Amino acid sequence: PLVLQTADPQRIDAWGIGLTSRLGQINLGHGQSIGGLGSEPRPVLGPLGGAALWRRRALDLAGGFCERYFLYWEDLDLALRVNRDGFDCRTVPDAHVLHVGSGTVGRWSSRNVFYMTRNHWPCLLAALPGPLLRRHWGEFLLAPPRAAALYAARGRPFAALAGLACALPMLPAAYARRRRLPRTGTSANAAQRVAAHMARADAERLASRARAP
């Protein structure tokens, strides 16, 4: 469904989630007016985890949600694994849901920043297709510290540093999960599909900057 902002239902919170070429997560369409959006379904890497429908077969093949995350990045992790198995995702703009962003822990709160920072590396290591992980290894190393620096600049330096520090012990388990992914010979195809979604996310990121006041 199209996820709208509760504070302003005429503005989009997300029509799906994406991953940029800098390996940052993005809520597609965030802040955009629903006027002129149209009603045609549009392809996305995955749905915002708070409001989504998955085929049972897709969840079974992908192994379901990873419980290690607790908060944040779990929907992108699942989206990458579902995509790897050959399933596509579409947003249906005529279906609307209202969303209070970070309503559980508070936007830019210490818990929000901690889990957003902590789960970044494990998600990428566990689920990003191998060809993309090798191609973007520099961004893989830099993306979480870069995000942590932004969170620190917003007044949460200790939560951001704690998230980075706690991410490191999670990496062996994330790599083990990666090794358990089915080796179906579809890694190259999955990389092509995810790369196409990354290009769309990059375009949306630029459009979002242009919309910002």
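The structure under discussion appears in the preceding block.
This is a predicted model, so every value here is computed, not measured. (Residues numbered from 1 in each chain as written. Predicted model: local features only at pLDDT ≥ 70, side-chain atom pairs only at ≥ 80, totals over all residues. Heavy atoms only, no water.)

A. Seen up close, the side chain of arginine 177. Topologically, arginine 177 is positioned in helix 8 (residues 171-179). Using a relative accessible area of 15% as the deciding quantity, one classes arginine 177 as buried. Setting aside its immediate chain neighbours within four residues, arginine 177 contacts Cys66, Tyr69, Asp77, Arg81, Pro122 and Ala126. (Helix = DSSP H or I, 4+ residues; strand = E, 2+ residues; numbered from the N terminus. Buried < 20%, exposed > 50% of the residue type's maximum accessible area, 1.4 Å probe, protein only. Contact = heavy atoms within 4.5 Å.)

B. View of the pattern of salt bridges. In total, this model carries five salt bridges according to the counting rule given. Where arginine 11 meets aspartate 8, a salt bridge forms, and the shortest distance between an N and an O atom there is 3.7 Å. Overall, the relative accessible area of 30% leaves aspartate 8 in the partly exposed class. Of the charged contacts in the structure, one is a salt bridge between arginine 56 and aspartate 60, with a shortest N-O distance of 3.2 Å. With arginine 56 and aspartate 60 both in helix 1 (residues 56-62) and four residues apart, the pair spans about one turn of that helix. What emerges from the salt-bridge pattern is a single network uniting Asp77, Arg81 and Arg177. (Salt bridge = Lys/Arg side-chain N within 4 Å of Asp/Glu carboxyl O.)

C. Up close: the sheet that holds strand 2 (residues 8-14). Taken in spatial order, the three strands of this open sheet run 2-1-7, and their pairing is mixed. Each end of this open sheet is capped by a strand with a single partner; those strands are strand 2 and strand 7 (96-99). On average, each strand axis in the sheet is inclined to that of its neighbour by 45°, with strand direction left out of account. Both strand 1 (residues 2-5) and strand 7 contribute to a ladder of four bridges, which runs parallel. (Pairing = 2+ DSSP bridges. Axes fitted to C-alpha atoms, helices over the stretch in contact; angles between N-to-C directions.)

Geometry only, nothing functional implied.
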